[in-house]
Amino acid sequence: MCIAFPGEILSIEDGRFAVVDIGGVQREVCLDLLADPVSPGDYVISHAGYAIQVVDEAAAQESLALLQEILEHEAP
Amino acid sequence: MKHLEEYRDPELAGRLLKRIAATAALIDRPVTIMEVCGSHTQAIGRSGIRKLLPPAIRLISGPGCPVCVTAAADVDRALWLAGRQGAVFATFGDMLRVPGTGGENLQRLRAAGADVRVVASALDCVALAEAEQGREVVFMGIGFETTAPTVAAALRRARERKIANLSLFSVHKVVPPALRLLIDDPGVSIDGFLCPGHVSIMLGSAAYGFLPAAGKAAVITGFEPVDVLEGVLLLLEQLAEGRPAVEIQYRRAVRPEGNPRAMAVMGEVFAAGDAQWRGLGPIPASGLFLRREYEAFDAAKRFAIPEFAGQENPGCSCGVVLRGLIDPAECPLFRRVCTPANPIGPCMVSSEGSCAARYRYG
Ligand code: SF4
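Residues numbered from 1 in each chain as written. Chains lettered and ligands numbered in written order. Predicted model: local features only at pLDDT ≥ 70, side-chain atom pairs only at ≥ 80, totals over all residues. Heavy atoms only, no water.

(A) Main features of the sheet that holds strand E8 (residues 217–221) of chain B. All names here are of chain B. Spatially, the five strands line up as an open sheet ordered E2-E1-E7-E8-E9, and their pairing is parallel. In this open sheet, the two edge strands, each paired with only one partner strand, are strand E2 (57–64) and strand E9 (246–248). Ignoring strand direction, the axes of neighbouring strands in this sheet form an average angle of 25°. Sheet strands touched by helix H11 (residues 225–241): strand E1 (31–37), E2, strand E7 (192–196), E8 and E9. Its angle to E8, the strand with the most contacts, is close to 160°. (Pairing = 2+ DSSP bridges. Helix = DSSP H or I, 4+ residues; strand = E, 2+ residues; numbered from the N terminus. Axes fitted to C-alpha atoms, helices over the stretch in contact; angles between N-to-C directions. Contact = heavy atoms within 4.5 Å.)

(B) Focus on the domain arrangement of chain B. Residue and element names in this part refer to chain B. Taken domain by domain, chain B holds domain 1 (4–63 + 175–238), domain 2 (72–174 + 258–302) and domain 3 (318–361). Counting residues at the interface gives 18 residues for domain 1, matched by 13 residues for domain 3. At the boundary of domain 1 with domain 3, total buried surface from both sides reaches about 1,100 Å², with 52% on carbon and sulfur atoms. One can count one salt bridge joining domain 1 with domain 3. In this structure, arginine 323 and aspartate 185 form a salt bridge, with 3.6 Å as the shortest nitrogen-oxygen distance. Summed over the shared surface of domain 1 and domain 3, the result is two residue pairs in polar contact (both at pLDDT 80 or more). Of all the elements in the fold, those that place two or more residues in the side of domain 1 that touches domain 3 are helix H2 (38–47), helix H3 (49–52) and E2. The biggest single contributor to the side of domain 1 that touches domain 3 is H2, with six residues. (Domains from an automatic or database assignment. Buried area = accessible area lost by both parts, 1.4 Å probe. Salt bridge = Lys/Arg side-chain N within 4 Å of Asp/Glu carboxyl O. Polar contact = N/O pair within 3.5 Å; in protein donor to acceptor, adjacent residues only side chain to side chain.)

(C) Up close: the packing of aromatic side chains. All names here are of chain B. Per the counting criterion, the structure on display carries five aromatic pairs over all chains. When the ring of phenylalanine 92 is compared with that of phenylalanine 139, the centres are 5.5 Å apart and the planes differ by 90°; the resulting orientation is edge-to-face. Taken together, the residues span a long stretch of sequence, with phenylalanine 92 in the loop between strand E3 (88–91) and helix H5 (106–111) and phenylalanine 139 in strand E5 (residues 137–141) at a distance of 47 residues. According to the relative accessible area criterion, phenylalanine 92 is buried, its value standing at 8%. (Phe/Tyr/Trp six-rings, centres within 6.5 Å; stacked < 30°, edge-to-face > 60°. Buried < 20%, exposed > 50% of the residue type's maximum accessible area, 1.4 Å probe, protein only.)

(D) Structural detail: the site of the ligand. In the vicinity of the ligand, the contacting residues are Cys316, Ser317, Cys318, Cys331, Leu333, Phe334, Cys338, Ile344, Gly345, Met348 and Cys355 of chain B. In terms of residue class, the shell around the ligand is built from nine nonpolar, two polar and no charged. (Near = heavy atom within 4 Å. Nonpolar A, V, L, I, M, F, W, Y, C, P; charged D, E, K, R; others polar.)

(E) Representation of helix H4 (residues 72–83) of chain B in the model. Residues and elements named next belong to chain B. The terminal C-alpha atoms of H4, which comprises 12 residues, lie 16 Å apart, in line with the 16 Å expected from a rise of 1.5 Å per residue. Of all the 12 residues making up H4, nine are buried; the element is thus mostly covered by neighbouring parts of the structure. Those residues of H4 lying buried are Ala72, Ala73, Asp74, Val75, Asp76, Ala78, Leu79, Leu81 and Ala82. (Expected span 1.5 Å × (residues − 1).)

(F) Main features of the side chain of histidine 47 of chain A. Along the chain, the position of histidine 47 of chain A falls in strand E4 (residues 43–47). Here the side chain of histidine 47 of chain A touches threonine 147 of chain B through a polar contact of 2.8 Å, side chain to side chain. For histidine 47 of chain A, the contacting residues outside a window of four places in its chain are Met1, Cys2, Ile3, Ala4 and Ile52 of chain A together with Thr146, Thr147 and Thr150 of chain B.

(G) The interface of chain B and chain A, seen in detail. Between chain B and chain A, the contact holds 46 residues from the first and 39 residues from the second. Our enumeration of links across chain B and chain A arrives at three salt bridges. Across the pair arginine 251 of chain B and glutamate 62 of chain A runs a salt bridge, and its minimum N-O distance is 2.9 Å. On inspection of chain B and its partner chain A, the count reaches 11 residue pairs in polar contact (both at pLDDT 80 or more). For the side of chain B that touches chain A, the elements supplying multiple residues, two or more each, are helix H1 (10–27), helix H7 (148–160), helix H9 (197–203), H11 and helix H12 (260–269) of chain B. Tallying contributions element by element places H7 of chain B first for the side of chain B that touches chain A, with six residues.

(H) Representation of H7 of chain B. Residue and element names in this part refer to chain B. With 13 residues, H7 extends 18 Å from end C-alpha to end C-alpha; this agrees with the ideal 18 Å at 1.5 Å per step. H7 sits mainly inside the fold: 10 of its 13 residues count as buried. Where H7 is concerned, the buried positions are Ala148, Pro149, Thr150, Val151, Ala152, Ala153, Ala154, Leu155, Arg157 and Ala158. The first or second residue beyond H7 is lysine 162, which carries a positive phi of 55°.

(I) Just the packing of helix H6 (residues 122–131) of chain B against H7 of chain B, in detail. All names here are of chain B. Following both chains from N to C, one finds H6 and H7 inclined at 25°, their axes separated by 8 Å at the closest point. On the basis of the axis angle, H6 is roughly parallel to H7. Crossing of H6 against H7: the hand is right-handed. Across the interface between the two elements, Ala122, Leu123 and Val126 of H6 pack against Thr150, Val151, Ala154, Arg157 and Ala158 of H7. Split by residue class, the contact of H6 with H7 holds six nonpolar, one polar and one charged. (Parallel < 35°, antiparallel > 145°, perpendicular 65-115°, else oblique. Left-handed = near helix turned anticlockwise from the far one by under 90°.)

(J) Main features of the confidence of the model for chain B. Overall, the prediction assigns chain B a mean pLDDT of 93, with 100% of residues at 70 or greater. The complex prediction reports pTM at 0.94, with the ipTM value standing at 0.92. (pLDDT = per-residue confidence, 0-100.)

(K) Just the sheet that holds strand E6 (residues 166–170) of chain B, in detail. All names here are of chain B. If you walk across this open sheet you meet the four strands as E4-E3-E5-E6, and the pairing is parallel. Looking at the sheet topology across the chains shown, the edges are occupied by strand E4 (115–118) and E6. Each adjacent strand pair in this sheet contributes to an overall mean axis angle of 25°, direction not counted. Two strands pair when backbone bridges link them, and E5 and E6 are joined in this way by five bridges, in the parallel orientation. Across the sheet, glycine 141 pairs through a bridge with serine 170, a residue of E6. The sheet contacts of H6 involve E3, E4, E5 and E6, and relative to E5 the element is tilted by about 175°.

Structure follows, in structure tokens:
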């Protein structure tokens, strides 16, 4: 039930709603719950008609790189 | 799909599994990990992770499926609300087949002529109320911290638009009090928790501080196979090193401070109160109820809902399944009597329930 998906913001209407591409499907989501301003091209995680968080691109890359590094370093 | 595909890489998963085996060997005792969230249960079932982990690691499913923990009495109240003459009743699809006392459910009530609608968002209910002026629209709100802020925001919108024919029947619940209950239960022994990723987008990590304080490992984890495996690995490392903490594996989505704006909206509309959980009983301050300022939208105040004692099917073991005390397959009704087509308990109804996941994925 807490299922939520990342998707790219395609456009924003009146600052409160955005059209998001979630795996090729376009959906309209409300932006009222986001603390940070967003613009087209940003990725947001959406749940039950609302964007609930902006994907942190830097953290995403950093954590994948870190994981690769850890696995590489101490591989048996 | 960006931010998803990367976490489905089988090669990366294979290497993580090797590291998990090596780390489990360091711990040298059986380890029990609870995946709190129903979406984790489903993801773990689908990817077969449970069977790929070393035998010393037991993954058990927790109470994190909102449908599964809805008390029979609340389903009875919903059925009463939906059955009133002229009523429009809306809720999320998962709720339709959850049995109340005596096995009745919303789907059957709908087949018998009640106007029961399935919505994907509370915002749909605002639109529905506007379209059905002159009729009372009741929305049954169900879900944890992930969902409750969306419902709160929709109610704010309804108030803004002065919608008078919409009300909310809230069975929303919050997660931390249920985890507290589990770690205080001497019958339950859990070493670490895969904490729910999407609940934590809202909550942040500080809300779980009581877990390491009680010696439990905790990792806020995402939902793709690589996420889950990394979550398990981080838990094992905490246990191997004897340094329980709250770590965030799902860093692309979860910030330590959570989403303060969403939590503020939730707090403006809802206040915590005692709530009944199926299988766990009453838990103090674990339910979300409308504040006085939103009383006009409160179905519990608007309608004289009769008292329902609520009786769960005595043969159903959901109560012990939800506490991780037995595996779903140990329930005498599992697969023989209780199936997704004929669910006896809510753990078999929702695709996220532990019984349904075990039925589908073994
Ligand atoms: S298998 Fe069915 S009856 Fe048994 S615990 Fe699960 S839902 Fe309840």
